[in-house]
Every structure is written in C-alpha cells, then in structure tokens.
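So you can see what is in the structure, the chains are spelled out below.
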Amino acid sequence: MTTTFITGANRSLGYETARRLIEAGHTVLVGARDSARGQAAADALGARFVQIDVTDDASVAAAAADIGAHEGAVDVLINNAGVLGPHGPADQLTAADASAVFEVNVVGIVRVTHAFLPLLRRSANPVIVNVSSGMGSFAATHDPGRAEGRAVAPLYTASKAAVTMLTTQYAKSWPDVKVNAADPGYTATDFNGHSGPQTVSEGTDAIVELATIGADGPTGVFRDRHGAMAW
C-alpha cells in the first residue's frame, strides 16, 4: 500500500487531497502545525496525524523520525503547506513580510524534502508533489485574460515561482525520485475567502494525478487539472 505524507492537510486542498488519496487506497499521514486541528482532521478522515511545523527544523526532524519508526518509508510526499502573506500595497511590504512568506512556501519545502528524502528512497517509486500555483507562472501572470494576470501579490507570486523552479531543479538532481509541481487553480478555499470558481475537488485534481503516477510517470513537470502549465 502506498504511504503518503501531506503537509498542511488539516483543511482545504490538503484535506481534500488526503480524502481522495485514502479513497484511492493510500495510507495517508496528515501533517499539520496545529495539533488539535490536525488530530481532528485525521480522525474525520480515518488517517494518522503527524505534527509538523515546516518552519522549524526540530519539528520537521521529529515528524520524519516518527514516520520512520512507524511506517518505515514514504512513497509520496506532498508539500502542500503554504501562506498567502500580507494584503496591501506593494510599497508597504517589508523584508520581514518576505521572510515570513518564503520561510513557509519555499524554505519549508527545502526543509521537509531534505528530512524526508531518506524515507522516500526506501520506496520503490518515490514521488514528490510540490503545490505551486499559476500565480507563480510568468505566462499566466502576464495574461490579462486570466485571473492570475489581474492579481497583484508580489510575495506570494514570487514564492510560487521559486517553488516551481525548485521542483525542476530537484527533478534534474534526483533521477531516482519523481518531483513535480501542481497548480490547483483558482479554487474556493479558506485561502481566498472561498472566492474561486473551482470546487475544492477540482482544485486537487492535478495534485492527486501527480501523487498517483506510476514508475513510468513524468518528472520535472508543472500541471494544472487541464494539463501542462506554461512556465
């Protein structure tokens, strides 16, 4: 049975991804920073909760050790935890704001991936899915016909562009691990006040697709639910 660990899995896209993968037969480990919310989500899903704060080295190391002791290996790692960052004019954004967004969205992926790589390499088909965004696509954010082209969110967009590039570089670095990026699309979640036109199930389509690829699946790709995303 496939063992899958998802960060930020206590709500929205992470929770729905967990639900769908459990339905597909995966053993899902629900990762979340808040223990009460994470345990409640895991209980509702019929999954095991693993506490993890992606901004804390000790917390990430403890999560990897916990899974190593109980499950022994991880087949699929889904780096889903992310933050939007502050709203407001760009001229009010500070270095502290940038550090906070990048610490979760980018450095958090590096921290978790580094800690979990030994567990992934115990799998016959190790897979990493990084949840990126069309908001990090140069093509999408320069297209006035798309929602991404009309939005202004300097720190979030920059962090997601970094996630996608990090994904392709990891894919080049590790031929033995499939590393891909998913764009959920503009989905109605807590993240955006439920303003997106897509359902949460539609928003997880690309994540689930990339989490269930076989040994002959792709690596280094960036997809949304309709197919390949422009960089």
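These figures come from a predicted structure and were not determined experimentally.

Draft legend 1. Up close: the overall build of the chain. Scanning the chain from N- to C-terminus turns up nine helices and eight strands. Here the C-alpha coordinates of the chain stretch approximately 45 × 40 × 30 Å along the principal axes. Within the chain, the fraction of its 231 residues that count as buried is 46%. Of the contacts made within the chain by residues no fewer than 6 positions apart, 66% connect residues no fewer than 24 positions apart. When the 16 positive and 23 negative side-chain charges of the chain are each reduced to one mean point, those points stand 3 Å apart.

Draft legend 2. How the structure looks around the packing of aromatic side chains. Inspection of the entire model under this criterion finds three aromatic pairs. Ring geometry for Phe 5 versus Phe 116: centroids 4.9 Å apart, planes at 10 degrees, classification stacked. Remark: Phe 116 occurs in helix H4 (residues 95-120) and Phe 5 occurs in strand S1 (residues 3-6); sequence separation between them is 111 residues. A relative accessible area of 0% places Phe 5 in the buried class.

Draft legend 3. How the structure looks around the side chain of Ser 133. You can see Ser 133 is positioned in the loop between strand S5 (127-131) and helix H5 (138-141). Side-chain polar atoms of Ser 133 contact the backbone nitrogen of Met 135, separated by 2.9 Å. Contacts of Ser 133, omitting those with residues within four sequence positions, involve Tyr 156, Lys 160, Ala 182, Asp 183 and Phe 222.

Draft legend 4. Broad picture of the sheet that holds S5. Read from one edge of the open sheet, eight strands run S3-S2-S1-S4-S5-S6-S7-S8, paired in mixed fashion. Every other strand in the sheet has two partners, leaving strand S3 (48-51) and strand S8 (227-228) as the edge strands with one partner each. Along the sheet face, helix H2 (residues 35-45) touches strand S2 (27-32) and S3 and points at about 160 degrees away from the line of S3.

Draft legend 5. Region of the structure containing unusual backbone geometry. Look at Ser 12: it is not a glycine, yet its phi comes out positive at around 50 degrees. Ser 12 sits in the partly exposed class, given a relative accessible area of 25%.

Draft legend 6. View of H2. Within H2 the residues assigned to the buried category are Gly 38, Ala 41, Ala 42 and Leu 45. The arc enclosing the buried residues of H2, seen along the axis, measures out at 100 degrees, which places them on a common side. Facing away from the buried surface of H2 by more than 90 degrees, the exposed residues are Ala 36, Asp 43 and Ala 44. On its buried side, H2 packs onto helix H1 (12-23), S2 and S3. If you check the start of H2, you find a side-chain oxygen 3.1 Å away from the backbone N of Ala 36, and it comes from Asp 34. Two residues or fewer after H2 comes Gly 46, characterised by a positive phi angle close to 80 degrees.

Draft legend 7. Here's a closer look at the environment of Gln 51. Inspection of the secondary structure assignment puts Gln 51 in strand S3. Leave out the neighbours within four places in its chain, and Gln 51 touches Ala 32, Arg 33, Ser 35, Ser 59 and Ala 63. Within the structure, the side chain of Gln 51 is placed 3.0 Å from the backbone oxygen of Arg 33, a separation counted as a polar contact. Separated by 3.3 Å, the side chains of Gln 51 and Ser 59 make a polar contact.

Reading the values: rules and limits
Residues numbered from 1 in each chain as written. Predicted model: local features only at pLDDT ≥ 70, side-chain atom pairs only at ≥ 80, totals over all residues. Heavy atoms only, no water. Helix = DSSP H or I, 4+ residues; strand = E, 2+ residues; numbered from the N terminus. Buried < 20%, exposed > 50% of the residue type's maximum accessible area, 1.4 Å probe, protein only. Contact = heavy atoms within 4.5 Å. Lys, Arg positive; Asp, Glu negative; His and termini not counted. Charge placed at Lys NZ, Arg CZ, Asp CG, Glu CD. Phe/Tyr/Trp six-rings, centres within 6.5 Å; stacked < 30°, edge-to-face > 60°. Polar contact = N/O pair within 3.5 Å; in protein donor to acceptor, adjacent residues only side chain to side chain. Pairing = 2+ DSSP bridges. Axes fitted to C-alpha atoms, helices over the stretch in contact; angles between N-to-C directions. Arc of directions from axis to C-beta.

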